[in-house]
Amino acid sequence: LLRRAYFDLTGLPPGIEQIEAFLADDSPDAYAKVVDELLASPRFGERWGRHWLDVARYSDGLGGFGDGQDLPNAWRYRDWVVKSLNDDMPYDEFVRRQIAGDVLKSNHDPLATGFFAIGPTYKGDGGDAEATNAAKAETLSDRVDTFSRAFLGLTAACARCHDHKFDPITTKDYYALAGIFN
């Protein structure tokens, strides 16, 4: 039971000292105390932040998306996610800051918008306007798709070419979102 709590909440096994302390505690709330300690541990945010960073397609760059782009400050967003989880930030605030943290009047939080900055940025060949525009469209498509997967629970990328077949996402909706990210 103790090992399961440690692995589930921090991703790490308990040490001998933690096992002995737990076994020595005969109080009825011994397990609850351990869970509270684990939830207060910085390892909790690191463990569960990893799951959100996968949703956000986190990468430090240097080819993480095949574009070879260096993202030397990506760690700032990663650390923001971990801190937010460790500070027990409410989910609605967590979402709000990632979508609009740079323009919020209260709780101004531009680091949170790293959610959109850490993804791939496609580039044209530099000389061909059509290739440059196509690369920009691919970057916008990635932003819309990541936003819709993370916050709407569905994919909207197919609405780039046609109205969504099963959900009420139209091509007009897709380009409205792409226009905001543009």
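Refer to the structure presented above.
Residues numbered from 1 in each chain as written. Predicted model: local features only at pLDDT ≥ 70, side-chain atom pairs only at ≥ 80, totals over all residues. Heavy atoms only, no water.

## Overview of the nonpolar core
Of all hydrophobic cores here, the largest spans 19 residues; its most connected members are Trp52, Tyr77, Trp80, Val81, Phe115 and Phe151. At four residues, helix H5 (residues 74–86) tops the list of elements feeding residues into this core. Setting aside residues up to four positions removed in sequence, Phe151 forms contacts with Trp52, Tyr91, Val95, Gln98, Ile99 and Phe115. Judged by nonpolar contacts, the second largest core, of ten residues, contains Phe22, Ala30, Val35 and Phe44. (Core = buried A, V, L, I, M, F, W, Y, C linked by side-chain atoms within 4.5 Å. Buried < 20%, exposed > 50% of the residue type's maximum accessible area, 1.4 Å probe, protein only. Helix = DSSP H or I, 4+ residues; strand = E, 2+ residues; numbered from the N terminus. Contact = heavy atoms within 4.5 Å.)

## Things to note about the packing of H5 against helix H6 (residues 91–100)
Two numbers describe how H5 lies on H6: the axes approach to 11 Å, and their chain directions differ by 160°. In terms of orientation, H5 lies roughly antiparallel with respect to H6. When the axes of H5 and H6 are compared, the crossing they make is right-handed. Each of Tyr77, Trp80, Val81 and Ser84 in H5 lies in contact with H6, whose residues at this interface are Phe94, Arg97 and Gln98. Considered class by class, the residues forming the contact of H5 with H6 number four nonpolar, two polar and one charged. (Axes fitted to C-alpha atoms, helices over the stretch in contact; angles between N-to-C directions. Parallel < 35°, antiparallel > 145°, perpendicular 65-115°, else oblique. Left-handed = near helix turned anticlockwise from the far one by under 90°. Nonpolar A, V, L, I, M, F, W, Y, C, P; charged D, E, K, R; others polar.)

## Quick word on the pattern of salt bridges
If you walk through the whole model with that rule in mind, you get 13 salt bridges. Ionic pairing is found between Asp54 and Arg50, a salt bridge with its closest N-O pair at 2.6 Å. One end of the pair, Asp54, and the other, Arg50, are both in helix H4 (residues 42–55), four residues apart, so they sit about a helical turn from each other. Put simply, Glu138 and Arg160 hold a salt bridge, and the shortest N to O gap is 3.0 Å. Here Arg160 lies in the loop between helix H8 (129–152) and helix H9 (171–181) and Glu138 lies in helix H8, a separation of 22 residues in the sequence. (Salt bridge = Lys/Arg side-chain N within 4 Å of Asp/Glu carboxyl O.)

## Examining the state of the cysteines
Across all of its chains, the model carries zero disulfides by this definition. With no disulfide of its own, Cys158 lies closest to Cys161 among cysteine sulfurs, the gap being 8.6 Å. On the accessibility criterion, Cys158 (30% relative accessible area) is partly exposed. Taking relative accessible area as the criterion, Cys161 reaches 68% and is therefore assigned exposed. (Disulfide = S-S within 2.5 Å.)

## Quick word on H5
Its 13 residues place the ends of H5 19 Å apart at the C-alpha level, agreeing with the 18 Å of an ideal helix rising 1.5 Å per residue. Every buried residue belonging to H5 is among Ala74, Tyr77, Trp80, Val81, Val82 and Ser84, and all of these are buried. (Expected span 1.5 Å × (residues − 1).)

## Section: the packing of helix H1 (residues 2–10) against helix H3 (residues 30–40)
Angle between the axes and distance between the axes: these two values describe a pair of packed helices. Here H1 crosses H3 at 20°, and the two axes come no closer than 10 Å. Judged on the interaxial angle alone, H3 and H1 are roughly parallel. Here the hand of the crossing between H1 and H3 comes out right-handed. Contact residues: H1 offers Leu2, Ala5, Tyr6, Leu9 and Thr10, while H3 offers Tyr31, Val34, Val35, Leu38 and Leu39. Class assignment for the residues of the contact of H1 with H3 results in nine nonpolar, one polar and no charged.

## Remarks on unusual backbone geometry
Positioned with a positive phi, Arg57 is a non-glycine residue whose angle comes to about 50°. Phi angles above zero are rare outside glycine, and Asp88 is one such case at about 60°. Mapped onto the secondary structure, Asp88 falls in the loop between H5 and H6.

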